[in-house]
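The chain contents come next:
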Amino acid sequence: MVFRILLLCLILLIIDIYAYQALRTLLKLKWMLVSYQIISFFLLIFIVYSFMQFDRSVGQTKQTMYTMGLLLLVYIPKIVMALVLMGEDIFRIGAGTVNYFSNYNSEIDFLASRRKFVSQIGLGLAAVPFLSLIYAVTKGKYNYKVIKQQIFYPDLPDAFDGFTITQISDVHSGSFDNPDKINYAIDLVNEQNSDMILFTGDIVNTDAKEMHPWIDTFNRIKKHEYGKFSVLGNHDYGEYVTWPTEQEKVDNFEAIKDLYGQIDFKLLLNEHTFIQKGEDKIALVGVENWGNNFKKVGDINLASANLTKDDFKILMSHDPSHWEYEVKNHEKHFHLTLSGHTHGMQFGIEIPGFIKWSLAQYVYKQWAGLYENKGRYVYVNRGFGFHAYPGRVGIMPEITVIELKKGKYTV
């Protein structure tokens, strides 16, 4: 632990040195440079001290979450400046080396002085993440987007042509800090007037008590004609803190499962139910969490017992890696899987039709939106709430509306 803290301090110190060099090239007033050094020093001390106070028995708190936000706000722009100046240093060292060995001009210093325009470029580039991160914390985390997606299936039962599903995921109620914004999001959910609503897990960060202030708010989600169903996410198991006793962990898990019932969602635990419409029906399958790097208690075979390949099936599975490793080639042919979990890492760039990028794509093959394999689809919701970092940059909180259509497979 001590070694990691010291390593973190060293890295941040190097970044600070480079950032200071960029500012020194541009600012000539000594008091401004001294003020910058003092502020940077105290911010570094505060950030390191706050992380050292992390209590494994408590887990994430609003303080640790906002400390992470402060860390990113302060140091990502500085990292950008540092990278620009490091690039300049590579050029300066290269040019100095060539000059030294060629004896082209012995009067020129080995390292040329920093160029003002390079520092200006560094500061200009650093302003982009700085302003983006301010927006992310103040506005982005509650900038809800309703994303509508049609999916076509040739074998969809006729009665379900045009059937609509609202999906929410990754509420992380322990992170909320603005009741008005959450009520606004619930209004958006209700405005969709879908036939059914599905909640794909992570109602809390860790503790069932996190949801207690929000139960009445989420009970405002109106009844849907064909039901309200849910599954558990990895955070619902209370795995990320050290509990005083095993019994307290068990009690918390039971309380979290009960939360879904308190907001009128039917929790599916490795089981399925049928949704009947007219003379036709589809199977709704719900598994417990199955994650390649997280808790694996989801049992797709148990959940789909007695179902056949020909039954039209919608699977709720919190972690999309389950689809990648078990579901997409499963012999029972799960038509549609609904997942969440990734949050798109709450950071990325999305311009529909042009670019879709996030660090999440280097961890998950399916990380946001719709993916297909042999006529089987997974939709990954970008998340309703936020966790670890109190903001969203580019990857906005999502309410998904999926319409099932009869026809050739969606391309």
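The structure this text deals with has already been given above.
Notes on the structure follow. Quick caveat, the model's predicted, so the values are computed rather than measured.

### Topic: unusual backbone geometry
Glycine aside, negative phi is the norm for most residues, and most peptide bonds take the trans geometry.
Here is step 1 of the chain: The phi torsion at Asn-193 lies on the positive side, around 50 degrees, for a residue other than glycine.
Here is step 2 of the chain: Tracing the backbone through its elements, the reader meets Asn-193 in the loop between helix H5 (179–191) and strand E3 (196–199).

### Structural notes on the nonpolar core
Here is step 1 of the chain: Ranked by size, the top nonpolar core spans 33 residues in total, and within it Phe-176, Ile-203, Met-211, Phe-218 and Phe-384 carry the most contacts.
Here is step 2 of the chain: At the level of secondary structure, the elements contributing two or more residues to this core comprise H5, E3, helix H6 (215–218) and helix H7 (246–262).
Here is step 3 of the chain: When residues of this core are assigned to their parent elements, the largest contribution, five residues, is made by H5.
Here is step 4 of the chain: Beyond its immediate chain neighbours, meaning those up to four positions away, Phe-218 contacts Val-171, Phe-176, Ile-182, Ile-186, Met-211, Ile-263 and Phe-384.

### Details of the sheet that holds strand E5 (residues 266–267)
Here is step 1 of the chain: The sheet built from six strands is open, its strands ordered E1-E14-E2-E3-E4-E5 with mixed pairing. The open sheet has two free edges, formed respectively by strand E1 (145–153) and E5, since each of these has just one partner strand.
Here is step 2 of the chain: Packing of H5 onto the sheet brings it into contact with E1, strand E2 (163–168), E3 and strand E14 (398–406), and relative to E14 it is tilted by some 10 degrees.

### Remarks on helix H4 (residues 116–138)
Here is step 1 of the chain: Spanning 23 residues, H4 covers 33 Å between terminal C-alpha atoms, matching the ideal 33 Å at 1.5 Å per step.
Here is step 2 of the chain: Taken as a whole, H4 has its buried residues at Val-118, Ser-119, Gly-122, Ala-126, Pro-129, Leu-133 and Ala-136.

Quick notes on the rules
- Residues numbered from 1 in each chain as written.
- Predicted model: local features only at pLDDT ≥ 70, side-chain atom pairs only at ≥ 80, totals over all residues.
- Heavy atoms only, no water.
- Helix = DSSP H or I, 4+ residues; strand = E, 2+ residues; numbered from the N terminus.
- Core = buried A, V, L, I, M, F, W, Y, C linked by side-chain atoms within 4.5 Å.
- Buried < 20%, exposed > 50% of the residue type's maximum accessible area, 1.4 Å probe, protein only.
- Contact = heavy atoms within 4.5 Å.
- Pairing = 2+ DSSP bridges.
- Axes fitted to C-alpha atoms, helices over the stretch in contact; angles between N-to-C directions.
- Expected span 1.5 Å × (residues − 1).

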